[in-house]
Amino acid sequence: MTQLLNTAALSVDFNGDKRELEAHGALAAVVQPALSRINQRLGVEKPALVRKDDFIASTWLPPIPSVPFKRLLVGEAKMAIGRPIPQTVSIEVTRQCGCDCDHCLIKEGEGELSYQEIVSVIDQALDMGTCIITFTEGDPLLRADLIDLIRHVDPEKAVTNLFTPGLELTQIKAEALKMAGLYNIIIGIYSADPAVHDKIRGLEGSYAKALEAVKVALRAGLIVTISTHVTSSSVDSIPELYRLASELGAHELSIWEGIPRTPEEMLTQIDREKILNFYHKVNSEPGGPRLFASTYFEGQMLGCMAGRRWLHVGVDGNVRACPYLKGSYGNIRDKSLLYIWKEVRACGEFKGFDRSCPAQEILL
């Protein structure tokens, strides 16, 4: 039995044999619904990775047990009493990218946050209780001070994730990322068909480089997630992408609902049922990567995280409720992250449990 959290009002223990969280204290009943959801998943789903001293239920979550996971539990307790914090803060660190994706929202702009500005965002987020920091957009590997940014994230407070299309990852860079403390590298692959992926990326050969990046990252000992966005036309290709992730040895395949640009791209209820059925099937079977699906995680388990558990800092400093929503609630060059978070919470758009993604309804 490992004690993860111990305060006057709430303590949470982790039973490693049962892989179960147990709450005690005055606030135990308040957080029990959240713990029950977590326990239910831990009991029926395979983890992404089991190590000697901990295990990783999903690459999107801190290891259990760990101090960042303890902070996640504190965040859930605050959520339960109506005082939510941004447990995840994602930061766009550069516009530079070797790809030419049509869906890219930042390639036409200019400028990016300085090192000191990003460091300030990290410090403010950690002070607020954030336990997951994600560097993203366009390709963070092209930012010269990336290693220093990763090192700046206190591993006793948060895990650090990194999104990349995988074009720039060498063995030397991968090992440097590992040494700097990177928790999880997320490599975007849109299809198991090289031609389809290359067309989406707007770059011939990007598929081969992405696959090589997965192999390089694994050799360096990094946790590796393959991430993709699906629309109605690509849902049926998920099994093929999962087979590719399995062949490569990735720890998790992450399926995100893509933002539709036409009515034909919008996911239907049948599409979502296909995703959920495949999610439950894969995660109940031994072997192979774990499958993450926002359709389940943010649809059924926790609801939409935008403005509830998630805050996104754009490359220009404008802060949004999540990467997929356009509205800004302030700029970190003018206001503190805490002030902006209060603005997000006060707007009234992110209240309660919401199974639907507002970004998915953009064409309605």
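Refer to the structure above for everything that follows.
Here the structure is a predicted model, which is why all the values come from computation and not from measurement.

How each quantity is defined
Residues numbered from 1 in each chain as written. Predicted model: local features only at pLDDT ≥ 70, side-chain atom pairs only at ≥ 80, totals over all residues. Heavy atoms only, no water. Helix = DSSP H or I, 4+ residues; strand = E, 2+ residues; numbered from the N terminus. Rg over C-alpha atoms; globule rule 2.2 N^0.38 Å. Buried < 20%, exposed > 50% of the residue type's maximum accessible area, 1.4 Å probe, protein only. Contact = heavy atoms within 4.5 Å. Areas by Shrake-Rupley, 256 points an atom, 1.4 Å probe, with all protein chains shown as cover. Lys, Arg positive; Asp, Glu negative; His and termini not counted. Charge placed at Lys NZ, Arg CZ, Asp CG, Glu CD. Core = buried A, V, L, I, M, F, W, Y, C linked by side-chain atoms within 4.5 Å. 1 Å grid on protein atoms, 1.4 Å probe; cavity = no way out; pocket = protein on both sides within 12 Å on 5 of 7 lines; lining within 4 Å. Points joined across faces, edges and corners; volume = space filled by probe spheres on them. Nonpolar A, V, L, I, M, F, W, Y, C, P; charged D, E, K, R; others polar. Axes fitted to C-alpha atoms, helices over the stretch in contact; angles between N-to-C directions. Parallel < 35°, antiparallel > 145°, perpendicular 65-115°, else oblique. Pairing = 2+ DSSP bridges. Phe/Tyr/Trp six-rings, centres within 6.5 Å; stacked < 30°, edge-to-face > 60°. Lys NZ or Arg CZ within 6 Å of the ring centre and 35° of its normal.

Q: Looking at this model, I keep getting lost on the overall build of the protein chain. Mind explaining?
A: Secondary structure summary: the protein chain contains 11 helices and 14 strands in total. A compact globule built from 364 residues would reach a C-alpha radius of gyration of about 21 Å, and the protein chain, at 19 Å, matches this within 12%. By its C-alpha atoms, the protein chain is 60 × 50 × 45 Å across when sized along the principal axes. When burial is assessed residue by residue, the protein chain has 54% of its 364 residues classed as buried. Taking contacts inside the protein chain between residues at least 6 apart in sequence as the whole, the part at least 24 apart equals 66%. Element-wise, carbon and sulfur atoms account for 52% of the exposed surface of the protein chain, whose accessible area totals about 15,800 Å². The centroid of the 39 positive side-chain charges in the protein chain is displaced by 4 Å from the centroid of its 46 negative side-chain charges.

Q: Before we go on, may I ask you to explain the nonpolar core in this structure?
A: A general trend in soluble globular proteins is that nonpolar side chains are found buried together. Counting residues in each nonpolar core, the largest one holds 110 residues, and the members touching the most others are Ile91, Phe135, Leu177, Ile185 and Ile189. Once residues within four sequence positions are removed from consideration, Leu177 is found in contact with Leu141, Leu146, Ile147, Ile150, Leu162, Leu169, Leu182, Ile185 and Leu222.

Q: Sorry if this is basic, but what is going on with the environment of Leu248 here?
A: By the secondary structure assignment, Leu248 is in helix 8 (residues 238-248). Note on Leu248: relative accessible area 14%, which makes it buried. Through-space distance from the C-alpha of Leu248 to that of Gly288 is 9.8 Å; in sequence the pair is 40 residues apart. Setting aside residues up to four positions removed in sequence, Leu248 forms contacts with Leu211, Val214, Lys215, Leu218 and Ile226.

Q: What am I meant to see in the layout of surface pockets here?
A: In this approach the atoms are scanned with a rolling probe the size of a water molecule, which exposes any empty space left behind. Of the voids in this model, the second largest pocket is the one considered here, and its volume is about 470 Å³. In terms of lining residues, the second largest pocket is bounded by 23 residues, among which Glu257, Arg272, Arg355, Ser356 and Cys357 are the most central. When contributions to the lining of the second largest pocket are tallied by element, the ones reaching two or more residues are strand 11 (252-257), helix 9 (269-283) and helix 10 (294-301). Considering each element in turn, the lining of the second largest pocket owes the most residues, five residues, to helix 10. Classifying every residue of the lining of the second largest pocket gives 11 nonpolar, seven polar and five charged.

Q: Explain the packing of helix 3 (residues 115-128) against helix 11 (residues 337-346) here, please?
A: Two numbers describe a pair of packed helices, the interaxial angle and the distance between the axes. The contact between helix 3 and helix 11 brings their axes to 9 Å, and the two run at 60°. On the basis of the axis angle, helix 3 is oblique to helix 11. On helix 11, the residues touching Val121, Gln124, Ala125 and Met128 of helix 3 are Leu337, Leu338 and Trp341. For the contact of helix 3 with helix 11, the class distribution of residues is six nonpolar, one polar and no charged.

Q: Honestly, the sheet that holds strand 8 (residues 159-164) in this entry has me stumped. Any pointers?
A: In a beta sheet, neighbouring strands are held together by backbone hydrogen bonds and run either parallel or antiparallel to one another. In space, the nine strands of this open sheet follow the order 12-11-10-9-8-7-6-13-14, with mixed pairing throughout. Two strands in the sheet have a free side with no partner beyond their single neighbour: strand 12 (290-293) and strand 14 (319-320). Direction of pairing for strand 8 relative to strand 9 (residues 184-188): parallel, over a ladder of four bridges. If you follow Phe163 over to strand 9, its bridge partner there is Ile186. Packed on one face of the sheet, helix 7 (residues 206-219) meets strand 9 and strand 10 (223-230) and runs near 165° to strand 9.

Q: Explain empty space enclosed by the protein to me, please; I cannot follow it from the model alone.
A: Tallied over the full model, the rule gives two cavities of 30 Å³ or more. By volume, the largest cavity is sized at about 210 Å³. Lining the largest cavity are 20 residues, with Arg41, Glu45, Ala57, Leu61 and Arg290 sitting closest to its centre. Volume-wise, the second largest cavity comes out at about 30 Å³.

Q: Help me understand the packing of aromatic side chains in this model?
A: Within the structure shown, the criterion is met by 11 aromatic pairs. Centre to centre, the rings of Trp256 and Trp310 are 6.2 Å apart; their planes meet at 50°, and the pair counts as tilted. Of the two residues, Trp256 is situated in strand 11 and Trp310 in strand 13 (residues 310-313); the sequence distance between them amounts to 54 residues. For the residue pair Trp256 and Trp310, the accessibility class agrees, reading buried in each case. When the ring centre of Phe55 is taken as reference, the NZ or CZ atom of Arg19 above it lies at 4.6 Å.

Q: Whenever I open this one, the sheet that holds strand 3 (residues 20-24) confuses me. Can you help?
A: Judged by pairing direction, the sheet is antiparallel, and its three strands sit side by side in the order 1-2-3 without closing on themselves. What marks the edges here is a single partner per strand, and that holds for strand 1 (2-6) and strand 3. Neighbour to neighbour, the strand axes of the sheet diverge by 20° on average, direction disregarded. In this sheet, strand 2 (residues 11-15) lies alongside strand 1 in antiparallel orientation, the contact comprising four bridges. Within strand 2, the position partnered with Leu5 by the bridge is Val12.

Q: Just to check I follow, could you spell out the side chain of Thr228 for this structure?
A: Looking at the secondary structure, you find Thr228 in strand 10. Among the residues examined, Thr228 registers a relative accessible area of 1% and is labelled buried. Setting aside anything within four residues of it in sequence, one finds Thr228 in contact with Ile189, Tyr190, Leu241, Ser254, Ile255 and Trp256.

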